[in-house]
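Read off the chains here:
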Amino acid sequence: MTVHLSAERKNELMGQALSLAARAEGMTSPNPLVGAIVLDADGEIAGRGWHQKAGEPHAEVLALQEAGDRARGGILIVTLEPCSHQGRTPPCAPFVVEAGVARVIAAVSDPNPQVQGKGFEHLRAHGVGVETGIMAEEAVRCNEAYFLWWRRGRPFLTLKAAASLDGKIATRSGQSRWITGEAARDAGHQLRNKVDAILVGVETVLKDDPLLTARPGGVAGKPLTRVVLDSRLRTPSHARILAPRSGSSTILAATDAAPPAREKALREAGAEIIRGEADPQDRVSLAPLLELLGSRGVRHILVEGGGRVHGSFIQEGLADRLFYFLAPLVVGDHEAPGAVSGLDEEKLQSLPGLFNVTHEVLGDDLLIQGYFKRPIWKDAKDWTGV
Ligand SMILES: NC(=O)c1ccc[n+]([C@@H]2O[C@H](COP(=O)([O-])OP(=O)(O)OC[C@H]3O[C@@H](n4cnc5c(N)ncnc54)[C@H](OP(=O)(O)O)[C@@H]3O)[C@@H](O)[C@H]2O)c1
């Protein structure tokens, strides 16, 4: 008989475990974020842990190691089902059994078919009580890119734009630095620390010559995959995005329309060239590119524009989340690029909208964020598997 926990106490502890998990945001991919807390037989916290990096110990193991003998007869609270298979590290479920905890309270089952349900089965088969479904939806949201990968087989797409009040992301000559103030730009940089790859269109490379790296002060030395949609390989060989940066790599996604001589020059400049399918407009076809990036372990991509690229992802139903930084200025020029272009929906009620919308004031700017209204995100509850 383990100590009784009220529903409020379970939620409170699971909330703490989710906060522990979130400490490693951007560092664990392709693994999930996981946090764990061990209570001793008297209900006192005896250990805490979170998964810090792929290949390093899992959250449950760290929390149980900290608890030591105090874990015996206690409770393990964990944000995701303990794994039961040998990966880069040994399976957790047998370790949990060995540590002698009487009960496991897990938020949600792991969607990875190698684990799904098997971790719980192992625990139950060895006499450990299992309870699931505590803050399940929050636990799915905490690992939305991981869940999307296992449920839909593609990376999670976050779109980011910084726009004027009239929705423009640059002047007609392509000047976009800086539309928003420092606080908003800092927040934009923080996003880069949470993803595996950053993607832009070639016009943005030609106009802005961006580096697309995570700013120092974020996750130290975090390598990012930088991707440019560039059907005909118009990226200049001297573009800053090709410069090697702390393990980051650059992929230019092209089609067969790209001249072989450009391919050679850009390879020599340090880029990886991927020639893929063309879409009906002879641009890079997005779905096969995402599949390829996903097969390389990319789970979360930040799409940083420009407007045509945003429009393509929204049009194809591939945009999951939006971070829209709105600055208090007006460009007022119909030839200036907009934050999203190329959509052809005429009915107001059919336009892509957002849900779970939040607003935040950042200096003089406003950050509006939310999820694109599409069935896959409306059924996040159904992904909990409980
Ligand atoms: N304020 C901000 O947040 C922000 C952020 C980024 C950019 N910007 C500004 O935005 C401007 C550029 O925006 P933009 O809309 O003109 O261009 P863009 O979206 O940066 O690039 C569009 C180009 O990407 C290539 N592409 C390849 N496959 C594509 C696909 N499937 N869908 C869409 N594009 C594809 C196409 O060129 P090919 O046919 O040659 O492949 C296309 O013309 C610049 O002035 C930049 O300063 C502002």
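The coordinates are above.
Just so it is clear, the model here is predicted, and its values are computed rather than measured. (Residues numbered from 1 in each chain as written. Predicted model: local features only at pLDDT ≥ 70, side-chain atom pairs only at ≥ 80, totals over all residues. Heavy atoms only, no water.)

**Q** Would you explain the overall build of the chain in this entry?
**A** Each helix and strand in the chain was counted, giving 12 helices and 14 strands. For 386 residues, the compact-globule formula gives about 21 Å, and the C-alpha radius of gyration of the chain, at 23 Å, lands near that figure. Looking at the chain residue by residue over its 386 residues, the buried ones come to 51%. Considering only contacts within the chain whose residues lie at least 6 apart along the sequence, 73% involve residues at least 24 apart. Only carbon and sulfur atoms are counted for the fraction: they give 50% of the accessible area of the chain, which is about 17600 Å². When the 44 positive and 47 negative side-chain charges of the chain are each reduced to one mean point, those points stand 3 Å apart. (Helix = DSSP H or I, 4+ residues; strand = E, 2+ residues; numbered from the N terminus. Rg over C-alpha atoms; globule rule 2.2 N^0.38 Å. Buried < 20%, exposed > 50% of the residue type's maximum accessible area, 1.4 Å probe, protein only. Contact = heavy atoms within 4.5 Å. Areas by Shrake-Rupley, 256 points an atom, 1.4 Å probe, with all protein chains shown as cover. Lys, Arg positive; Asp, Glu negative; His and termini not counted. Charge placed at Lys NZ, Arg CZ, Asp CG, Glu CD.)

**Q** Honestly, the site of the ligand in this entry has me stumped. Any pointers?
**A** Contacts to the ligand come from 29 residues, most closely from Thr204, Asp208, Ser231, Arg234 and Ser312. Within the backbone of Val284, an N or O atom sits 2.9 Å from a nitrogen atom of the ligand. Within the backbone of Val309, an N or O atom sits 3.1 Å from an oxygen atom of the ligand. For the shell around the ligand, the secondary structure elements donating two or more residues are β6 (156-163), α8 (202-208) and α11 (307-315). Considering each element in turn, the shell around the ligand owes the most residues, five residues, to α8. Broken down by class, the residue content of the shell around the ligand amounts to 10 nonpolar, nine polar and 10 charged. (Near = heavy atom within 4 Å. Polar contact = N/O pair within 3.5 Å; in protein donor to acceptor, adjacent residues only side chain to side chain. Nonpolar A, V, L, I, M, F, W, Y, C, P; charged D, E, K, R; others polar.)

**Q** Just to check I follow, could you spell out the nonpolar core for this structure?
**A** In summary, soluble globular proteins display a tendency toward joint burial of nonpolar side chains. Ranked by internal contacts, the top residues of the largest apolar core, which has 40 residues, are Leu76, Ile77, Val101 and Val104. Looking at which element gives the most residues to this core, the answer is helix α1 (residues 7-22), with five residues. Within the second largest apolar cluster, 30 residues are counted, among which are Ile169, Leu289, Val309 and Leu318. (Core = buried A, V, L, I, M, F, W, Y, C linked by side-chain atoms within 4.5 Å.)

**Q** Can you walk me through unusual backbone geometry in this structure?
**A** With the exception of glycine, most residues fall at negative phi, and the peptide bonds are largely trans. For the bond from Ser29 to Pro30, the omega torsion is 5°, close enough to zero to count as cis. A cis amide bond, omega 0°, links Gly305 with the succeeding residue Gly306. The backbone phi angle of Asp209 is positive, close to 45°, even though this residue is not glycine. Among the secondary structure elements, Asp209 is positioned in the loop between α8 and β8 (225-229).

**Q** Explanation requested: the pairing of strand β14 (residues 365-372) in the structure shown.
**A** Taking burial as the measure, the eight residues of β14 include six buried ones, the bulk of the element. Judged from the six bridges that link them, strand β12 (residues 321-326) and β14 form a sheet pairing that is antiparallel. Along β14, the bridge assignment pairs Leu326 with Leu366. In textbook terms, the turn of a hairpin is the stretch between consecutive antiparallel strands, and for strand β13 (residues 354-362) and β14 this stretch comprises two residues, one of which, Gly363, has a positive phi near 60°. (Pairing = 2+ DSSP bridges.)

**Q** Sorry, what's going on with the layout of surface pockets here?
**A** There is about 590 Å³ of room inside the second largest pocket. In terms of lining residues, the second largest pocket is bounded by 30 residues, among which Glu25, Leu33, Cys142, Lys194 and His300 are the most central. Listed by contribution, the elements that provide at least two residues to the lining of the second largest pocket are α5 (136-142), α6 (144-152), α7 (182-192), β12 and β14. Broken down by class, the residue content of the lining of the second largest pocket amounts to 14 nonpolar, nine polar and seven charged. Mapped onto the domain boundaries, the lining of the second largest pocket takes at least three residues apiece from domain 1 (7-142) and domain 2 (152-384). (1 Å grid on protein atoms, 1.4 Å probe; cavity = no way out; pocket = protein on both sides within 12 Å on 5 of 7 lines; lining within 4 Å. Points joined across faces, edges and corners; volume = space filled by probe spheres on them. Domains from an automatic or database assignment.)

**Q** I'm lost on the sheet that holds β13 in this one. Help?
**A** Within a sheet, neighbouring strands are paired by backbone hydrogen bonds and run either parallel or antiparallel to one another. Reading across the sheet, the nine strands line up as β10-β9-β8-β7-β11-β6-β12-β14-β13 and stay open at both edges, with mixed pairing between neighbours. Looking at which strands have only one partner, the edges of the open sheet turn out to be β10 (272-275) and β13. Mean inter-strand twist for the sheet, computed between neighbouring axes without regard to direction, equals 20°. Lying on the sheet, helix α10 (residues 286-295) is in contact with β6, β7 (197-201), β8, β9 (249-254), β10 and β11 (300-303); it crosses β8 at an angle near 165°. The strands touched by α11 within the sheet are β6, β7, β8, β11 and β14, with β6 carrying the most contacts at an inclination of about 140°. (Axes fitted to C-alpha atoms, helices over the stretch in contact; angles between N-to-C directions.)

**Q** How should I be thinking about the packing of helix α3 (residues 92-99) against helix α4 (residues 118-125) in this particular structure?
**A** To characterise two packed helices, one gives the angle between the axes of the helices and the distance between these axes. Between α3 and α4, whose axes approach to 9 Å, the crossing angle comes to 25°. Taken together, α3 and α4 sit at an angle that is classed as roughly parallel. Where α3 crosses over α4, the handedness of that crossing is right-handed. Note on element contacts: α4 touches α3 through Gly119, His122 and Leu123, opposite Ala93, Pro94, Val96 and Val97. (Parallel < 35°, antiparallel > 145°, perpendicular 65-115°, else oblique. Left-handed = near helix turned anticlockwise from the far one by under 90°.)

**Q** I would appreciate a short explanation of the pattern of salt bridges in the present structure.
**A** Note on pairing: side chains with opposite charge can pair once their charged atoms come close. Scanning the entire structure with this criterion turns up 19 salt bridges. Residues Glu144 and Arg141 are paired through a salt bridge, measuring 4.0 Å at the closest nitrogen-oxygen approach. Residue Glu144 shares its accessibility class with Arg141, and that shared class is buried. The partner of Arg154 in a salt bridge is Asp320, and the shortest N-O contact between them spans 3.0 Å. One end of the pair, Arg154, is in the loop between α6 and β6; the other, Asp320, is in the loop between α11 and β12, with 166 residues separating them in the sequence. The exposure classification of Arg154 matches that of Asp320, with both residues buried. Several salt bridges share partner residues, and in doing so they unite Lys10, Arg103 and Glu131 into one network. (Salt bridge = Lys/Arg side-chain N within 4 Å of Asp/Glu carboxyl O.)

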